[in-house]
Amino acid sequence: MAGNGTHRFRRTALTGAVLATVLGGGAILAACGTGGQGGQSGPSAAGSGPARLSVADSYIPLPPAGGMAAGYLTVRNDGGRDELVKVTSPGAESVTMHRSTPSSMEQVDSLDVPAHGALQFARGGTHLMIMGWQKAPALGDELELDLTFAKSGTIAVKVPVKELTYRPGQS
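Residues numbered from 1 in each chain as written. Predicted model: local features only at pLDDT ≥ 70, side-chain atom pairs only at ≥ 80, totals over all residues. Heavy atoms only, no water.

I'd like to hear about the side chain of His127, residue by residue, with values.
By the secondary structure assignment, His127 is in strand S8 (residues 127-133). We classify His127 as buried; its relative accessible area is 0%. Within the local environment of His127, its side chain forms a polar contact with the backbone oxygen of Gly125, the two atoms lying 2.9 Å apart. (Helix = DSSP H or I, 4+ residues; strand = E, 2+ residues; numbered from the N terminus. Buried < 20%, exposed > 50% of the residue type's maximum accessible area, 1.4 Å probe, protein only. Polar contact = N/O pair within 3.5 Å; in protein donor to acceptor, adjacent residues only side chain to side chain.)

Outline the nonpolar core, listing residues and values.
Of all hydrophobic cores here, the largest spans 26 residues; its most connected members are Ile60, Val75, Leu84, Val87, Leu128, Leu145 and Leu147. Per element, the largest residue contribution to this core is 4 residues, and it comes from strand S9 (residues 142-149). Apart from residues lying up to four places away in sequence, Val75 is in contact with Leu53, Ser54, Val55, Val113, Gly117, Ala118, Leu119, Leu147 and Phe149. (Core = buried A, V, L, I, M, F, W, Y, C linked by side-chain atoms within 4.5 Å. Contact = heavy atoms within 4.5 Å.)

With reference to specific residues and values, describe the confidence of the model for the chain.
For the chain, the mean per-residue pLDDT works out to 79, and 71% of the residues sit at or above 70. Contacts of residues 4-45 to residues separated by more than four positions or lying in other chains number 40 contacts, the stretch itself having pLDDT below 50. (pLDDT = per-residue confidence, 0-100.)

Describe the side chain of Asp82, with residues and values.
Looking at the secondary structure, you find Asp82 in strand S3 (residues 82-88). Despite being buried, Asp82 has no salt bridge partner; Lys151 is the closest side chain of opposite charge, sitting 5.9 Å away. Polar side-chain contacts of Asp82 include one of 2.9 Å to the backbone nitrogen of Lys151. With residues up to four places along the chain from it excluded, the contact list for Asp82 reads Ala51, Leu53, Asn77, Asp112, Val113, Phe149, Ala150, Lys151 and Ser152. (Lys, Arg positive; Asp, Glu negative; His and termini not counted. Salt bridge = Lys/Arg side-chain N within 4 Å of Asp/Glu carboxyl O.)

Here it is as structure tokens:
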């Protein structure tokens, strides 16, 4: 295929730019639970009962060239343990889950949602990579994300596109 090397170079360059943005954000992954079992209440209390999930603080910083973007949100759980196994969007070609460390970014297939805790997608930590937008994003747009959980099924959320420097809880 002609031009395949150029396409691969562009995708690699975009991935590097987004990685620099994500890692440069400086926020550290903060979760309400450790994801481990046991604890003060005993092992049966840690993961028993159905998960009771809600989503808060969702946003997508406006991508520089309208291409690849990162997505952030918090999945709160007031019930038993669950697992986020897939994220899709009718407005994007692909949405993948990634975990960042100070020196790398790796795609993950699933993420734990601890019982009576939270899974937080934040700058510099766990985040979503959104690629192949149906239309170029603009400030104020909303992108539907469909979060699929192992036990709780799928939750659809509308995620607003915010300015690149936006941080939840700051004015």
